Amino acid sequence: MSRKLWITIAVVFLSTQTYSQEAVLHISNESTDKEYCLVYNASWTNLSSSLTDAVKHQVVNLVSSYLCDSTNIPDVTGKALVVMRGQCDFSQKALIAQKHGAAVLLIASNKSMSPPSANNSEYAKVKIPLALMRYRDFADAQQVFGKDMTASLYAPPVPVFDVSIVVMLFIAVFTVALGGYWSGASEKEKRSEGSILGGTEEASNSGELSLYSPLKVVIFVALMCVMLVLMYFFYKYLVYVIIAIFCLASATALYSCLDALMNKVGCGKCSFSCRSRTVPVRSLLLAALCVSVAVVWGVYRNEDRWIWILQDLLGIAFCLNFMKTITLSNFKICVILLSLLLLYDVFFVFITPFFTPNGESIMVQVALGPASAGEKLPVVMRVPRFSAWAQNLCGMQFSILGYGDIIVPGLLIAYCARFDIWSGSSKRIYFVSCTIAYFLGMIVTFAVMLLSKMGQPALLYLVPFTLLTSAVVAWSRKEMRQFWAGTTYQVLDSSREPLLQDGQPGYASGERKC
């Protein structure tokens, strides 16, 4: 993939990141039982926290009525009444059902569900539980149970901590560590082949692109801001463009990762000739596999139950290849880029709610996507919340982490890995220290998220942790001048003194820099 395309993809995928009340309807008869999704308003309705404490009620089917008046209502005393949504307010339906002695009111809905609400004065008047359920769920219950069924309503508490956070932490740290290691290994391989171009803009033989100019970094971040705002206003059109780009970029990235792995283990080197050209069999098989995985994701991208596995696999490959392909030439560029992206993250998460009509941040709106669009951007790692099984009845609940929260600190970690090679550090002190700092920053991010019970801009914590740790290591080793300038070291024996004078990076003849 061309370098310009990777820059375009960077602007798209780094610009977004990555952030009602459900209950359970337990329906049963003498032979079987099944559970369905409910949405309720906790300030209006109190529900039991467990099935054993929930009261059973006989179900009365009145979905042929909207229950906006008291006509043609059968005996519903002590029963759970099911009616259709619409024609009048929730409170009006509830008061009529309560007047006729109903113990529970369930409102079947063909629309997207959100917690039912009313005027503050109406809350105190309604004494019976009220909840929304999907009409298709009630139709399914009729097929399974027929007319004879009982219903119990309960809302199990959701644990603050979920195992998915540990899985997400592992994915993030594994990706940045592997991406940094790959970048360092590639640098070491280039050195051994005598093809080092220290601090260059482009290394044409390796297909890598190095950001060297502060101006270009500023332009890059500005383009990300423009892209995010465009996504906010034109989401329903641009989302399909992003999906198509993701399929192409992730398939290419997966191929690059698998091909590097095959080269490492040294397998699949057979080939055949076609029109005087040698075609590697391995390349064809890998290309077919990667394209197939991307196509399967594209076709089934809305199947939340399992497609998240493919999205995370493609996302990991995308982040790894990005960290390998896009390199930062020195610590100065790292500081500028990460600091600007920190401001970008904080502004679009915390500041933009003061300007949007619904008080929601632009970042969250774009990352989660409007409900009317029916599509979500593939710019996050997703892991199901394993303990939120009640909420998963209404729709899979996920812990998410934006690709930018992996790639942005990952670019610094990759630079540290390359600097270890340049300085001849056998213990890879910069790479290891920065990776540990990223790990600690992620722990702090998740801790603040759990304590505040709201999504956090991860870069707010990751950028200070990684930048300060890298700077402290360089300062303590008295290498800050070289670390800042990105000097390529040439080491003889055990000496760690650079052959280039005054800590200035050398450039090959004919080399371009920006």
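See above for the structure.
One structure accompanies this document, and this report is about it. (Residues numbered from 1 in each chain as written. Predicted model: local features only at pLDDT ≥ 70, side-chain atom pairs only at ≥ 80, totals over all residues. Heavy atoms only, no water.)

Some thoughts on the overall build of the protein
From N to C terminus, the protein includes 16 helices and 14 strands. The 514 residues of the protein split such that 49% are buried. As presented, the protein carries roughly 24,200 Å² of accessible surface, and 60% of it is formed by carbon and sulfur atoms. (Helix = DSSP H or I, 4+ residues; strand = E, 2+ residues; numbered from the N terminus. Buried < 20%, exposed > 50% of the residue type's maximum accessible area, 1.4 Å probe, protein only. Areas by Shrake-Rupley, 256 points an atom, 1.4 Å probe, with all protein chains shown as cover.)

Topic: the packing of aromatic side chains
Following the criterion strictly, the structure yields 18 aromatic pairs and no others. Centroid distance Phe246 to Tyr403: 6.2 Å. Interplanar angle 25 degrees. Geometry classified as stacked. Note that Phe246 is positioned in helix H7 (residues 235-265) and Tyr403 in the loop between strand E14 (398-402) and helix H13 (404-423), a separation of 157 residues in sequence. Each member of the pair Phe246 and Tyr403 is classed as buried. Look at Phe331 and Trp484: their rings are 6.0 Å apart centre to centre, the planes differ by 75 degrees, and that puts the pair in the edge-to-face class. Residue Phe331 is found in helix H10 (residues 331-351), and its partner Trp484 is found in helix H16 (residues 480-485); the two are separated by 153 residues along the sequence. Look at Trp484 and you get partly exposed, because its relative accessible area is 38%. Through a chain of ring-to-ring contacts, three or more aromatic side chains come together here, namely Phe331, Tyr415, Phe419, Trp422, Tyr430, Phe483 and Trp484. Over the aromatic face of Phe398 sits the side chain of Arg382, whose NZ or CZ is 4.4 Å from the ring centroid. (Phe/Tyr/Trp six-rings, centres within 6.5 Å; stacked < 30°, edge-to-face > 60°. Lys NZ or Arg CZ within 6 Å of the ring centre and 35° of its normal.)

Quick look at the packing of helix H6 (residues 214-233) against H10
Viewed as axis vectors pointing N to C, H6 and H10 meet at an angle of 20 degrees, and their least axial separation amounts to 10 Å. One element, H6, and the other, H10, form an angle in the roughly parallel class. Considering the relative orientation of H6 and H10, their crossing is right-handed. Where H6 approaches H10, its residues Pro214, Val217, Val218, Phe220, Val221, Met224, Cys225, Leu228 and Val229 are matched on the opposing element by Lys332, Ile333, Ile336, Leu337, Leu340, Leu341, Tyr344 and Phe348. Residues of the contact of H6 with H10, tallied by class, amount to 16 nonpolar, no polar and one charged. (Axes fitted to C-alpha atoms, helices over the stretch in contact; angles between N-to-C directions. Parallel < 35°, antiparallel > 145°, perpendicular 65-115°, else oblique. Left-handed = near helix turned anticlockwise from the far one by under 90°. Contact = heavy atoms within 4.5 Å. Nonpolar A, V, L, I, M, F, W, Y, C, P; charged D, E, K, R; others polar.)

Regarding the packing of H6 against H7
Closest axis-to-axis distance for the H6/H7 pair is 6 Å, and the angle between their directions is 120 degrees. Considering their axes alone, H6 and H7 lie oblique with respect to each other. Residue-level contacts link Met227, Leu230, Met231, Tyr232 and Phe233 of H6 to Tyr235, Leu238, Val239 and Ile242 of H7. Residue composition of the contact of H6 with H7, by class: nine nonpolar, no polar and no charged.

Digging into the state of the cysteines
Within this structure, the stated rule accounts for one disulfide. The disulfide partner of Cys68 is Cys88, and the S-S distance across this bridge is 2.1 Å. Classification of the bridge connecting Cys68 and Cys88 rests on its S-S torsion, roughly -90 degrees, and on that basis the disulfide is left-handed. Of this pair, Cys68 sits in the loop between strand E3 (57-61) and strand E4 (80-84) while Cys88 sits in the loop between E4 and helix H2 (90-99), placing them 20 residues apart in sequence. The thiol of Cys334 is not disulfide-bonded; the next cysteine sulfur, from Cys416, is found 7.0 Å away. (Disulfide = S-S within 2.5 Å.)

Focus: the environment of Thr32
Looking at the secondary structure, you find Thr32 in the loop between strand E1 (22-28) and strand E2 (33-40). Judged by its relative accessible area of 29%, Thr32 falls in the partly exposed class. Sequence spacing of Thr32 and Phe145 is 113 residues, and the spatial spacing of their C-alpha atoms is 8.0 Å. When sequence neighbours within four positions are dropped, the list of residues in contact with Thr32 reads Ile27, Val144 and Phe145.

Structural notes on unusual backbone geometry
Positioned with a positive phi, Leu67 is a non-glycine residue whose angle comes to about 55 degrees. Unusually for a residue other than glycine, Lys478 sits at a positive phi of about 55 degrees. Position of Lys478 relative to the elements: it lies in the loop between helix H15 (459-476) and H16.

Everything listed here is a matter of geometry and, on its own, says nothing about what the molecule does.
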